[in-house]
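This is what each chain is made of:
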There are 2 protein chains.
Amino acid sequence: MILIMLQLRDLPTQEVLQRFAERYPAADVTAIASFLMLLRVGTDLSLALDACLTKHDLLQGRWWVLILLMREQDLTCVPSVLAEKIGVTRATMTGLLDGLEQGGLVQRISAPQDRRSVQVKLTAAGQAKLDAVMPDYYTRLRLCMQGLSENQRSDLQTILGVIDQGMSAWDFNQ
Amino acid sequence: MILIMLQLRDLPTQEVLQRFAERYPAADVTAIASFLMLLRVGTDLSLALDACLTKHDLLQGRWWVLILLMREQDLTCVPSVLAEKIGVTRATMTGLLDGLEQGGLVQRISAPQDRRSVQVKLTAAGQAKLDAVMPDYYTRLRLCMQGLSENQRSDLQTILGVIDQGMSAWDFNQ
DNA sequence: TCATTATAGTTAGCTTCCTAATTATGTCAA
DNA sequence: TTGACATAATTAGGAAGCTAACTATAATGA
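Residues numbered from 1 in each chain as written. Chains lettered and ligands numbered in written order. Predicted model: local features only at pLDDT ≥ 70, side-chain atom pairs only at ≥ 80, totals over all residues. Heavy atoms only, no water.

## What about the overall build of chain A?
Inference 1: Across its full length, chain A holds seven helices and four strands.
Inference 2: Beginning at the N terminus, the succession of helices and strands in chain A can be written as β-α-α-α-β-α-α-β-β-α-α.
Inference 3: Expected size for 174 residues packed as a compact globule is a radius of gyration near 16 Å; at 20 Å, chain A overshoots this value by more than 25%.
Inference 4: Along the first, second and third principal axes, the C-alpha atoms of chain A reach 65 × 40 × 30 Å.
Inference 5: Buried residues in chain A amount to 53% of all 174 residues.
Inference 6: A sequence separation of at least 24 residues applies to 54% of the contacts in chain A between residues at least 6 apart.
Inference 7: Approximately 8,000 Å² of chain A is accessible, and the part contributed by carbon and sulfur atoms is 51%.
Inference 8: Mean positive and mean negative side-chain charge positions of chain A (17 and 19 charges, respectively) differ by 6 Å. (Helix = DSSP H or I, 4+ residues; strand = E, 2+ residues; numbered from the N terminus. Rg over C-alpha atoms; globule rule 2.2 N^0.38 Å. Buried < 20%, exposed > 50% of the residue type's maximum accessible area, 1.4 Å probe, protein only. Contact = heavy atoms within 4.5 Å. Areas by Shrake-Rupley, 256 points an atom, 1.4 Å probe, with all protein chains shown as cover. Lys, Arg positive; Asp, Glu negative; His and termini not counted. Charge placed at Lys NZ, Arg CZ, Asp CG, Glu CD.)

Right, dumping it as structure tokens:
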């Protein structure tokens, strides 16, 4: 499953929110304002990340694959697991791996024990690519977050956790 | 500009983060953890929203157009402004408006004073569609956020504001 | 045993975004 | 006034995701 998130350049004024709340009694003004802000900052962050990756000739999908492979002890994983962890379909993963393999960043190795399956391995070139990208990426991320105290970072994670919990309620009733 | 955000089902363990931080000294572990969590909750929220809209035969892009039109006093706006506010190209807006007009939810009216331009107006059917969707949407949103105190909501907005500020620093150096 | 069902990965065709080029109209200055 | 440039919207073609169908292989059970 993939998400296409628009940029939401234009957050509603307090007045507009109030007007909507009058028409729709179900509206919870502070919930809506927080939600929209969250959506906007999330997209802005992801866009900024994309810009960084583009500089290194990478797209977000392919980059996540490299990261996931690097997380593994043996730098190896199967496509279906990669797909699930990134949250794309297996069909999409086939395309991502095609691109990465063409660039020499990963290698498909047929699995002897189950001939339906394939092992995907991060190559030396793939590791080198990460070694080029990650310091840049982490430096930029540090800049974004440098205004936050450790307490605020911890608060943010707590709050996001609560929202994540609240979403189960959403799923139940849908 | 549009953002394609993957789902990130799999956040790194503390141990993996530590391993990355050793290889890449630029890494700021709490910044990364907060960032990934933010990305994940943002995408999950947006996905849940999409599911709600889909029930009402709407896509996120088209829905935002309806919202923006409803925000206007005269329920009217021009395509270029809509495009900028949602953060899509004018070409994309053309497609969104085509779909909405075909469904009778908006109406294109040629502008007399500048014949290059077009006025887009929310129709009665468009307003009716919003009146059907918004109570559902707001109710779900309330569920997601119900676990947050007013203080936490305000904290969240403050924190997101700081991150947004920090991103200017990112842009400067890119 | 072998037919059925399940699973891994891929392929084919669709959607909706994008960029770049195009058409029509407006603006401005020589 | 008219040529150059700017602007509004659209069209054409491309990218990267999706679903559904397909191929090959494995597992299961009558």
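## A closer look at the packing of aromatic side chains
Inference 1: All told, the structure shown has twelve aromatic pairs over all chains when counted by the stated rule.
Inference 2: Arranged with centres 6.4 Å apart and planes meeting at 55°, the rings of Phe20(A) and Tyr24(A) form a pair that is tilted. Each of the two residues, Phe20(A) as well as Tyr24(A), counts as buried.
Inference 3: By way of ring pairs, the aromatic residues Phe20(A), Tyr24(A), Phe35(A), Trp63(B), Trp64(B), Tyr137(B) and Tyr138(B) are connected into one cluster. (Phe/Tyr/Trp six-rings, centres within 6.5 Å; stacked < 30°, edge-to-face > 60°.)

## What about the pairing of strand 4 (residues 118–122) of chain A?
All names here are of chain A.
Inference 1: As defined by bridge partners, strand 2 (residues 76–77) adjoins strand 4 across two bridges and the pair is classed as antiparallel. Considered in strand 4, the bridge of Cys77 is made with Val120.
Inference 2: Here strand 3 (residues 106–110) pairs with strand 4 via five bridges, running antiparallel. Bridging from a neighbouring strand, Ile109 pairs with Gln119 of strand 4. (Pairing = 2+ DSSP bridges.)

## Quick word on the relation of the copies chain B and chain A
Inference 1: Mapping chain B onto chain A calls for a rotation angle of 180° and an axial translation of 0.0 Å; the resulting RMSD is 0.0 Å. Seen this way, the second copy is the image of the first under a two-fold rotation axis.
Inference 2: Interface overlap between copies is the fraction of interface residues in one copy that are interface residues in the other; for chain B against chain A it reaches 100%, indicating a shared surface. (Least-squares fit on C-alpha atoms with pLDDT ≥ 70 in both.)

## Overview of the domain arrangement of chain A
All names here are of chain A.
Inference 1: If you check the domain split of chain A, you get domain 1 (28–57) and domain 2 (59–135).
Inference 2: Here domain 1 and domain 2 have C-alpha centroids that lie 26 Å from each other.
Inference 3: At the junction of the two partners, domain 1 supplies six residues and domain 2 supplies six residues.
Inference 4: Buried surface at the junction of domain 1 and domain 2, summed over both partners, amounts to about 590 Å²; 60% is from carbon and sulfur atoms.
Inference 5: A per-residue breakdown of the area domain 1 buries against domain 2 is headed by Leu49, Leu53 and His56, which together make up 70% of the total.
Inference 6: At the junction of domain 1 with domain 2, the criterion picks out zero salt bridges.
Inference 7: On the surface where domain 1 and domain 2 come into contact, there are three residue pairs in polar contact (both at pLDDT 80 or more).
Inference 8: Residue composition of the side of domain 1 that touches domain 2, grouped by class: two nonpolar, two polar and two charged. (Domains from an automatic or database assignment. Buried area = accessible area lost by both parts, 1.4 Å probe. Salt bridge = Lys/Arg side-chain N within 4 Å of Asp/Glu carboxyl O. Polar contact = N/O pair within 3.5 Å; in protein donor to acceptor, adjacent residues only side chain to side chain. Nonpolar A, V, L, I, M, F, W, Y, C, P; charged D, E, K, R; others polar.)

## What about the protein's contact with DNA strand C?
Inference 1: In the vicinity of DNA strand C, 22 residues are found, and the nearest of them are Pro79(A), Arg90(A), Arg116(A), Leu59(B) and Thr92(B).
Inference 2: The sugar-phosphate share of atoms of DNA strand C within 4 Å of the protein amounts to 69%.
Inference 3: Between DNA strand C and Thr89(B), the relevant distance is 3.1 Å, taken from a phosphate oxygen to a side-chain nitrogen or oxygen of the residue.
Inference 4: Contacts to DNA strand C include Arg115(B), whose backbone N or O atom sits 3.0 Å from a phosphate oxygen.
Inference 5: Contributions of two or more residues to the surface near DNA strand C are made by helix 4 (79–86) and helix 5 (90–102) of chain A together with helix 5 (90–102) of chain B.
Inference 6: The residue inventory of the surface near DNA strand C, partitioned by class, reads ten nonpolar, six polar and six charged. (Near = heavy atom within 4 Å.)

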